[in-house]
Amino acid sequence: MITTIEEPGCWRMNRGQRRGRRSGAALVWVSVWLAWAGLVGQAAEPVEPLTLDRVLGGEFNASGYGARWDREQAVYYRFEDGPGAVGRDLVRYDAATGEKEVLVQGQWLVPPGSSRPLSVEGWTLSPDRSRLLIYTNSRRVWRANTRGDYWLLDLTSHELRQLGGEGPEATMMFATFSPDGRHVAYVRQNNLFVQSLDDFSIRQLTRDGDDQVINGTFDWVYEEELSLRKGFHWSPDGQWLVFWQVDTSRVPEFVMIDNISGLYPRLVRFAYPKTGQTNSAVRLGLVSVQGGDVRWIEVPGDPREHYLARVQWLDHPREVVIQQLDRRQHTNQLWFASVEDPRARPFFAETDPAWVDVRDDHRWIEEDQTLLWLSERDGWRHVWRIPRRKGRPQCLTPGDYDVIELLAVDKERGCFYFLASPENATERYLWCAPLKGGKARRLTPTDQAGWHSYDISPDGRWAIHTWSTFTSPPIVDLVELPEHTRVRVFEENEKLRKKLARLPAVETSFFQVETEPGVLLDGWLLKPPGFDPSLRYPTFFHVYGEPAGQTVLNRWGGRNAIWHRFLAEQGYVVLSVDNRGTPAPKGRQWRKCIYGQVGILASADQAAALRALQKRWSWMDPERVGIWGWSGGGSMTLNALFRYPDLYQVGMSVAPVPNMRLYDTIYQERYMGLPSENPEGYLKGSPLTYAHQLRGKLLLVHGTGDDNVHYQGMEALIDELVAHGKSFRMMAYPNRTHSIREGVGTTRHLYRLLTSFLTENLPAGPRQPSPPPAEAPEPAGAEAGS
């Protein structure tokens, strides 16, 4: 059983993390104080304090710059308001010169018989750029709006035509041009179709799709946990399609009740494999654009005990490469298969005693004879050259640091671009390294500390670059690589910066706290205006703490960040700390020492950080400590209140998983192992086990229509709390999903609820420190020193 908190593999700081740190301190400061507006030395502006209405009204939303690179050319496209009164224009920009050309006028998007243009929710240019495929009238499928209607615009004749024939409205999914531009493939009602763009005839390629057999898209768990939605790909010559087929027939069904859509309740049923239960059987097929029998790829292994996580076509020769995981997700086996020979042939395997990560940022180079692959085989995530034929794998980014993401390959210059931040796990920077091996160098300017993202052009020469910090909203510009020369600025969010400059001054800092020898946790901190360190303040923690995400990042945080700032203005010190097991670029052991003990080690780290900070900062009021989180953060909030009732007085848990046995196979078993092999880890990692220890004030929030983290778990927790006579408050949002955003007024109501519960149960503002306990009077006649 994996239950210990301090196992030998747990992460400790090494030389890679010690660079630039002060040694021997329990708390290490890693940034200077920052004004929230990020504007120093400007003329004083009138102060305009935040209100909750301002926080929730969208006033502080940052603007981005939506653009898309051409597949081959150094040009980018975007929809913009045009001079006409009808619709928006699709425009084309030359990266080097900025020259603008209107490719599609908004008036061309008005369907016959209508006076209004189509609402463009997605679009694709054909390979020869002569046609535009438009996605519109969408419907939500689990997380995303992936079902709708598709139209085709001829850019020469301006003819606009709806695709899909006479099929039902808004039932097409993932319509995609063939590489030769002659066909569009799509999914409708769990079957795969192809439509000719010559005569617009439609051919149905699969016919067995129904409520349990899914062709070309996925069941709930594959979409949610493997990030798979579109389930087919064209061959490079446009003659074949490879597609997934998912058979959910033996997967237990989950049932949700919709009580508000009609006079009587409506039952919502769907296949959902909880931990330890039966998965869907999944296989891959090859089918000709001309139709005919499907050639099923023969991949070894029980299809219900393995996951077919990825498949892609190669050009040299024409074949597919498949990534297959075992159920425990200890191994990612890569296979080759072809149309001519659908029997899978092994290439290589990535293994890890904890779990392997499925990623999309690998690249095939040298006519598909070499794979650039991210691996943690040496303890750090690096880019490796994996030869297809002969030779040994070669690490291209050696050193004690992690590659965060492989972004692009520049074949002409013989280099590749990647994101990394060797000195600070809360930030992201662009680096490049030679394809043949050699020293990597940072390209992001050293005077631009913070979070950087890059959308790099196909030729590797240009990038749409976004830069933000915790206190400064995004700046979006075009840069030329590899010099990182700014060419033009797209968006600076100047209006938002001026609004921030008028807010009361709130000081922000990043810090590190040492919870045990060699273990440094990153954190951020907001202090109220007029902070006085001689007084004591309530502290309010934001937590996530699971392997799926970090909270301590030096980037613009959006609505939650503004809400946290509002709470700081009210008199709270707001903090967040990332425990071990979060996906920070601190090496494999940092991320994976949490294996088998997600709720155990993470909550212990959070509690240890709180204790260390209270020793460091006397202004932290130990009698006023609150914590909140959503999803995994909601679970962490429960673990904090239940497992450490002496430390936390108030908690707000939104959409938590109180019992890990109730969550899905792919996510929970990846990080905890199988329930049959780690029963004690599941028991001790689940907040439900410790609900009887609740002493603080607790708010529970959940959507009854949550298909992800089911309301079932919340009811089980309530039942346990009631059995132990525990008082708490609870809010159920009818028929809302995991995001709790559907319906009029929902988000505003939720954040008002959170704010009012916090202020009622964790009083804001400073207090005088409690006087030390009086010494007992000495007994009469006692001598000094006796």
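Higher on the page you've got the structure.
One structure accompanies this document, and this report is about it.

The rules behind the values
- Residue numbers here run from 1 along each chain, matching the order of that chain's written sequence.
- For this predicted model, a pLDDT threshold of at least 70 governs which residues receive local features, and a threshold of 80 or more governs which side-chain atom pairs are given and counted, while totals over whole chains, interfaces and linings are taken from all residues.
- Here the side-chain values reflect all heavy atoms present in the structure, with hydrogen atoms and water set aside.
- Strands are runs of DSSP state E lasting at least two residues, helices are runs of H or I lasting at least four, and both sets are numbered from the N terminus onward.
- We call two residues contacting when some pair of their heavy atoms lies within 4.5 Å.
- Surface accessibility in these figures is a Shrake-Rupley result with a 1.4 Å probe; residues are shielded only by whichever protein chains are displayed.
- The convention used is that axes are lines fitted to C-alpha atoms, helices contributing only their stretch in contact, and that angles between N-to-C directions extend from 0 to 180 degrees.
- Put simply, angles under 35 degrees are roughly parallel, angles over 145 are roughly antiparallel, angles from 65 to 115 are roughly perpendicular, and the rest are oblique.
- Less than a right angle of anticlockwise turn of the near helix away from the far helix marks a crossing as left-handed, whereas a clockwise turn marks it as right-handed.
- Only Asp, Glu, Lys and Arg are considered charged in this grouping, and only Ala, Val, Leu, Ile, Met, Phe, Trp, Tyr, Cys and Pro are considered nonpolar; every other residue, Gly among them, is considered polar.
- When DSSP finds two or more bridges between a pair of strands, those strands are recorded as paired.
- Each aromatic pair joins two rings of Phe, Tyr and Trp (for Trp, the six-membered one) with centres within 6.5 Å, and gets the label stacked for planes under 30 degrees apart, edge-to-face for over 60, and tilted for any other angle.
- Cation placement over rings: the criterion is NZ of Lys or CZ of Arg within 6 Å of the ring centroid and within 35° of the ring normal.
- Salt bridges are identified by distance alone: a Lys or Arg side-chain nitrogen within 4 Å of an Asp or Glu carboxyl oxygen.
- For every residue, the accessible area obtained with a 1.4 Å probe (protein chains only) is divided by the maximum for its type, and the residue is called buried under 20%, exposed over 50%, and partly exposed between those limits.
- Identification of polar contacts relies on pairs of N or O atoms within 3.5 Å, with a donor-acceptor requirement for protein atoms, meaning one able to donate a hydrogen and the other able to accept it, and with residues adjacent in sequence counted only if both atoms are side-chain atoms.

## Some points on the overall build of the protein
Looking only at helices and strands, the protein has 12 helices and 45 strands in total. In the protein, 60% of the contacts between residues at least 6 apart in sequence involve partners at least 24 apart. With an accessible surface of roughly 33000 Å², the protein has 48% of that area assigned to carbon and sulfur atoms.

## Re the packing of helix 5 (residues 559-570) against helix 12 (residues 746-761)
The geometry of helix 5 relative to helix 12 is characterised by a closest axis approach of 12 Å and an angle of 30 degrees between their N-to-C directions. By the angle between their axes, helix 5 is roughly parallel relative to helix 12. For the element pair helix 5 and helix 12, the recorded crossing hand is right-handed. Every residue of helix 12 that contacts helix 5 at Arg559, Asn560, Trp563, Phe566 and Leu567 is listed here: Thr747, Tyr751, Leu754, Thr755 and Leu758. Residue composition of the contact of helix 5 with helix 12, by class: 6 nonpolar, 3 polar and 1 charged.

## A look at the sheet that holds strand 6 (residues 100-104)
Reading across from one edge, 3-4-5-6 is the order of the 4 strands in this open sheet, with antiparallel pairing throughout. The outermost strands of the open sheet, each flanked by one partner alone, are strand 3 (68-69) and strand 6. Relative to strand 4 (residues 75-81), strand 3 runs antiparallel, the two being bridged by 2 bridges. Within strand 4, the position partnered with Arg68 by the bridge is Tyr77.

## Considerations on the sheet that holds strand 25 (residues 345-351)
Where strands meet in a sheet, backbone hydrogen bonds hold them as pairs that are either parallel or antiparallel. Within the open sheet, the 4 strands sit side by side as 22-23-24-25. Their pairing is antiparallel. What marks the edges here is a single partner per strand, and that holds for strand 22 (306-314) and strand 25. Strand-to-strand, the axes of this sheet are offset by a mean angle of 20 degrees, without reference to chain direction.

## Details of the packing of aromatic side chains
Counted by the stated rule, this structure contains 38 aromatic pairs. Arranged with centres 5.1 Å apart and planes meeting at 85 degrees, the rings of Phe531 and Trp619 form a pair that is edge-to-face. Residue Phe531 is found in the loop between strand 39 (519-527) and strand 40 (537-542), and its partner Trp619 is found in the loop between helix 7 (598-616) and strand 42 (620-630); the two are separated by 88 residues along the sequence. An aromatic cluster is present here, built from Tyr65, Trp69, Tyr76, Tyr93 and Phe490 joined pairwise through their rings. Above the face of the Tyr65 ring, Arg78 is positioned so that its terminal group lies 3.8 Å from the ring centre. We note Arg161 situated over the ring of Phe200; from NZ or CZ to the ring centre the distance is 3.8 Å.

## Here we look at the packing of helix 7 against helix 8 (residues 632-643)
Between helix 7 and helix 8, whose axes approach to 10 Å, the crossing angle comes to 70 degrees. Relative to helix 8, the element helix 7 lies roughly perpendicular. Of the residues in helix 8, those touching helix 7 at Gly599, Ile600, Ala602 and Ser603 are Met636, Asn639 and Arg643. Partitioning the contact of helix 7 with helix 8 into residue classes produces 3 nonpolar, 3 polar and 1 charged.

## Quick word on the pattern of salt bridges
Considering all chains together, one arrives at 52 salt bridges under this definition. A salt bridge links Asp621 to Arg624; its shortest N-O distance comes to 2.8 Å. Since its relative accessible area comes to 2%, Arg624 is described here as buried. Through salt bridges with shared partners, one network takes in Asp352, Asp357, Glu376, Arg381, Asp402, Arg588, Arg591 and Lys592.

## Some words on the environment of Asp199
Its location among the elements puts Asp199 in the loop between strand 13 (191-196) and strand 14 (202-204). Look at Asp199 and you get exposed, because its relative accessible area is 53%. For the pair formed by Asp199 and Arg182, sequence separation is 17 residues and the distance between their alpha carbons is 10.0 Å. Within the local environment of Asp199, its side chain forms a polar contact with the side chain of Ser196, the two groups lying 3.2 Å apart. At a separation of 2.8 Å, a polar atom in the side chain of Asp199 contacts the side chain of Ser201.

Purely geometric stuff here, so don't read any function into it on its own.
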